[in-house]
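One-letter residues, chain by chain:
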Amino acid sequence: MSGKETTDLMQVFRQDVQSMHAYAIQDSTGMVKLDAMENPFGLPLDLQEKLGQRLGALALNRYPDGRVNDLRAALAAHVGLPEGFELMLGNGSDELISLLAIACDVPPSAANGFKPAVVLAPVPGFVMYAMSAQLQGLAFHGVPLTPEFELDGPAMLAAIAEHRPAIVYLAYPNNPTANLWDEAVMAQIIQAQGEQGGLVVLDEAYQPFASRTYLDRIRAQPQAHAHVLLMRTLSKFGLAGVRLGYMMGPKALIAEIDKVRPPYNISVLNYECALFALENSEVFSAQALELRAQRATIFEALQSLPGVTPFQSEANMILTRVPDAKKAFDGLKARGVLIKNVSKMHPLLHNCIRITVGTSEENAKMLTALKASL
Ligand SMILES: *Cc1c(COP(=O)(O)O)cnc(C)c1O
């Protein structure tokens, strides 16, 4: 093919897509993998066998069927779905975030001042909020957290008044800072966003490791949360490979978003695995409990290292400031431990690395490697 033909062919791709980098997944072969908030525990052997039998018996020649509704019902029971709420499923929460952008992409017109719809979120935060907005042609506004990684209430309220966002995302706990927000500040933001006629999406991906859930407040005051959706996922729970996210909210809102969902977005393998996991949820609860205990152990160990500042975590990761993030990352990697260097993600994360909580053996290796890498 000549150079000219190549150039012509590139013109079919959007300019912004051409300038993008593909989501980079680090090669982790043979490494202690503490970079992606995965649950380090596999399924116990007896459960592996039982699950294998169930998956083998599925009708893989058929499209997914009504069994998907059994999963929705099981999840509703698992979370204690509030009265009047509905629950929809996504191929991971990532898909739900994309579907929200599609559903809320109201085209510019006189009614909205000829501006694209806006997604607003605190930053640093989960990258998919900005990415889904960009890909769908919505505007994204990030509002910096305070240096203590708390929500900047006045700045959030000012941004809501100025941009009138269609969606405000609040990850609770946040990624990568791993903290829960002050609930009084959250309540102000939720109220202001409701008053200007927009949605709030609470993202509780790390709920298995957190001391609080906002679902309790929603349940206590349903009228004040008629514009609030709440997402969770089985990824951090222990099934990152299965790809199963879910979103709850008032029936009428979920009904609109559900219209843009591809009809067979949850495969028969996904839903059967998820059902199986929920039937055995005590195994996963015990794992989450163990990871919370490990988190406390690592936190103390990190705190005792010179020049190292771990930040309090309500998730299965610990954001940690080190003297030199690149040196720490490279040193850990050279010693067979993979973490995430988030120091370039945002100025507030200067010299910060993000460490996923692993098994006690993995954490011990990580701590030894980190000490040698500082
Ligand atoms: C990991 C994570 C998710 C999970 O996405 P899945 O697509 O369900 O794996 C969602 N939100 C946040 C904030 C996360 O960190």
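Up top is the structure these notes are about.
None of the values given here were measured: they were computed from a predicted structure.

## Considering the site of the ligand
The environment of the ligand is made up of 13 residues, and the closest members are D203, Y206, T233, S235 and K236. Measuring from a nitrogen atom of the ligand, one finds a side-chain N or O atom of D203 at 2.6 Å. For the ligand, whose unbound accessible area comes to 390 Å², protein coverage reaches 94%. Most atoms of the ligand, that is more than half of them, are within 2 Å of grid points of the largest pocket.

## Examining the sheet that holds strand 10 (residues 317–321)
With respect to topology, 4 strands assemble into an open sheet ordered 9-10-13-12, the strand pairing being antiparallel. Each edge of the open sheet is held by one strand with a lone partner, namely strand 9 (309–310) and strand 12 (340–341). For strand 10 and strand 13 (residues 352–356), the ladder comprises 5 bridges, and the chain directions are antiparallel. Bridging across to strand 13, I318 finds its partner in I355.

## Quick look at the environment of F140
Here F140 shows up in strand 4 (residues 139–144). Taking the relative accessible area as the measure of exposure, F140 reaches 27% and is therefore partly exposed. Distance from F140 to G336, taken between C-alpha atoms, is 37 Å for residues 196 residues apart in sequence. Once you skip the residues sitting within four places of it in the chain, F140 turns out to touch V119, A121, V123, Y129, A130 and A133.

## Focus on the pattern of salt bridges
Under the criterion given, the structure shown has 16 salt bridges. Across the pair R54 and E279 runs a salt bridge whose closest N-O atoms are separated by 2.7 Å. Highlighted residues: R54 in helix 3 (residues 45–56) and E279 in helix 12 (residues 268–279), separated in sequence by 225 residues. When its relative accessible area of 26% is taken as the criterion, R54 is described as partly exposed. Note on E279: relative accessible area 46%, which makes it partly exposed. Put simply, R217 and E183 hold a salt bridge, and the shortest N to O gap is 3.0 Å. In this pair, R217 sits in helix 9 (residues 215–220) while E183 sits in helix 8 (residues 183–195), placing the two residues 34 residues apart along the sequence.

## Section: the packing of helix 3 against helix 12
Following both chains from N to C, one finds helix 3 and helix 12 inclined at 145°, their axes separated by 10 Å at the closest point. Helix 12 is crossed by helix 3, and the crossing has right-handed handedness. The segment helix 3 lies against helix 12, with L47, K50, L51, R54 and L55 engaging L269, E272, C273, L275, F276 and E279. For the contact of helix 3 with helix 12, the residue count by class is 7 nonpolar, no polar and 4 charged.

## Digging into the side chain of N316
Note on placement: N316 falls in the loop between strand 9 and strand 10. The exposure class of N316 is buried, given its relative accessible area of 1%. There is a polar contact of 3.0 Å between the side chain of N316 and the backbone oxygen of M37. Dropping the residues within four chain positions of it, N316 is found in contact with M37, E38, Y206, F209, K236, I355, T356 and V357.

## Let's talk about the environment of S98
Looking at the element boundaries, S98 is found in helix 5 (residues 93–103). Judged by relative accessible area, S98 falls into the partly exposed class, the value being 29%. C-alpha of S98 to C-alpha of P116: the two residues are 18 residues apart in sequence and 16 Å apart in space.

## Side note on the sheet that holds strand 7 (residues 228–233)
Spatial ordering of the open sheet is given by 2-8-7-6-5-3-4, a layout of 7 strands whose pairing is mixed. Bordering the open sheet on either side are strand 2 (85–90) and strand 4, each of which pairs with just one other strand. The average angle at which neighbouring strand axes cross in this sheet is 20°, direction not considered. In this structure, strand 3 (residues 118–123) lies alongside strand 5 (residues 167–171), joined through 2 bridges in parallel fashion. Note that in strand 5 the partner of V119 across the bridge is I167. Running over the sheet, helix 6 (residues 127–136) touches strand 3, strand 4, strand 5 and strand 6 (199–203) and is turned about 155° from strand 4. Relative to the sheet, helix 8 contacts strand 5, strand 6 and strand 7, its axis offset from that of strand 5 by approximately 165°.

## What about the pairing of strand 13?
Among the 5 residues of strand 13, 5 are classified as buried, and the element is accordingly described as predominantly covered. The two faces of strand 13 match: C352, R354 and T356 on one face and I353 and I355 on the other face are all buried. Inspection of the sheet shows strand 12 paired to strand 13 by 2 bridges, in the antiparallel sense. Pairing of K340 across the sheet is with R354, part of strand 13.

Definitions and cut-offs
- Residues numbered from 1 in each chain as written.
- Predicted model: local features only at pLDDT ≥ 70, side-chain atom pairs only at ≥ 80, totals over all residues.
- Heavy atoms only, no water.
- Near = heavy atom within 4 Å.
- Polar contact = N/O pair within 3.5 Å; in protein donor to acceptor, adjacent residues only side chain to side chain.
- Areas by Shrake-Rupley, 256 points an atom, 1.4 Å probe, with all protein chains shown as cover.
- 1 Å grid on protein atoms, 1.4 Å probe; cavity = no way out; pocket = protein on both sides within 12 Å on 5 of 7 lines; lining within 4 Å.
- Sits in = over half its atoms within 2 Å of the grid points.
- Pairing = 2+ DSSP bridges.
- Helix = DSSP H or I, 4+ residues; strand = E, 2+ residues; numbered from the N terminus.
- Buried < 20%, exposed > 50% of the residue type's maximum accessible area, 1.4 Å probe, protein only.
- Contact = heavy atoms within 4.5 Å.
- Salt bridge = Lys/Arg side-chain N within 4 Å of Asp/Glu carboxyl O.
- Axes fitted to C-alpha atoms, helices over the stretch in contact; angles between N-to-C directions.
- Left-handed = near helix turned anticlockwise from the far one by under 90°.
- Nonpolar A, V, L, I, M, F, W, Y, C, P; charged D, E, K, R; others polar.

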